[in-house]
Amino acid sequence: MALSVGDVAPDFTLPGTGGRDYSLSEYRGAPVVLAFYPGDGSAVCTMQLSNYSHDIGRFEALGAAVLAISPQDVESHERFSADNGGFAFPLLADTDKSVAKLYDVPGPVGFYRRSIFVVDREGVVRYAHRSLAGLSFRPVDELIEALSRL
């Protein structure tokens, strides 16, 4: 059964940019936006993460953290981040796609579907969107609206 709104968000620990591991549980007490994206360096992924990074102040004003997750390794994430002037949030490496599977993110042939989850302060999923095709992403305004309802 797919993870959906109202379910407790599965905890995870993944390595990420900045030379450390990140666990969802360390953010308990604050809302978190989990942004699963297909790949470092693709045009849509770059646009998505750049938009979220540019508007990080809007997320922070609501006390929310943003974590971006994809199947590339940390070295790839560090290059991708550096190539784009740095992102305002960590990029996490789900190289075996285990976290993606917990969140029902892989598509029919195993590739990441561009997906967003908003997790509330208690660790419950309050917003979930999984794209069928990865050519667009959820706009900042939509995510801010979801966070504002928490």
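All values reported here derive from a predicted model rather than from experimental measurement. (Residues numbered from 1 in each chain as written. Predicted model: local features only at pLDDT ≥ 70, side-chain atom pairs only at ≥ 80, totals over all residues. Heavy atoms only, no water.)

A. Inspection of the packing of aromatic side chains at higher detail. By the definition in use, this model includes ten aromatic pairs. An angle of 80 degrees between the planes, with centres 6.3 Å apart, marks the rings of Phe12 and Tyr103 as edge-to-face. Of the two residues, Phe12 is situated in the segment before strand E1 (13-16) and Tyr103 in the loop between helix H4 (98-102) and strand E6 (115-119); the sequence distance between them amounts to 91 residues. Judged by centre distance (6.2 Å) and plane angle (70 degrees), the ring pair of Tyr52 and Phe59 falls under edge-to-face. (Phe/Tyr/Trp six-rings, centres within 6.5 Å; stacked < 30°, edge-to-face > 60°. Helix = DSSP H or I, 4+ residues; strand = E, 2+ residues; numbered from the N terminus.)

B. The arrangement of the pairing of strand E7 (residues 125-130) in detail. In terms of strand pairing, E6 meets E7 through five bridges, oriented antiparallel. Residue pairing for E7: Phe117 is matched across the bridge by Ala128. Linking E6 back to E7 in an antiparallel pair, the connection comprises five residues, with Gly123 at a positive phi of about 90 degrees. (Pairing = 2+ DSSP bridges.)

C. Representation of the nonpolar core within the structure. The biggest cluster of nonpolar side chains holds 25 residues, and the ones touching the most others in it are Val33, Leu49, Tyr52, Phe59, Phe89 and Leu91. Those elements that provide at least two residues to this core are strand E3 (32-36), helix H1 (43-54), helix H2 (56-61), strand E4 (65-70), E6 and helix H5 (140-148). Ranked by residues supplied to this core, first place goes to H5 with five residues. Aside from chain neighbours lying at most four places away, what touches Phe89 is Leu49, Tyr52, Ser53, Ile56, Val66 and Ala68. (Core = buried A, V, L, I, M, F, W, Y, C linked by side-chain atoms within 4.5 Å. Buried < 20%, exposed > 50% of the residue type's maximum accessible area, 1.4 Å probe, protein only. Contact = heavy atoms within 4.5 Å.)

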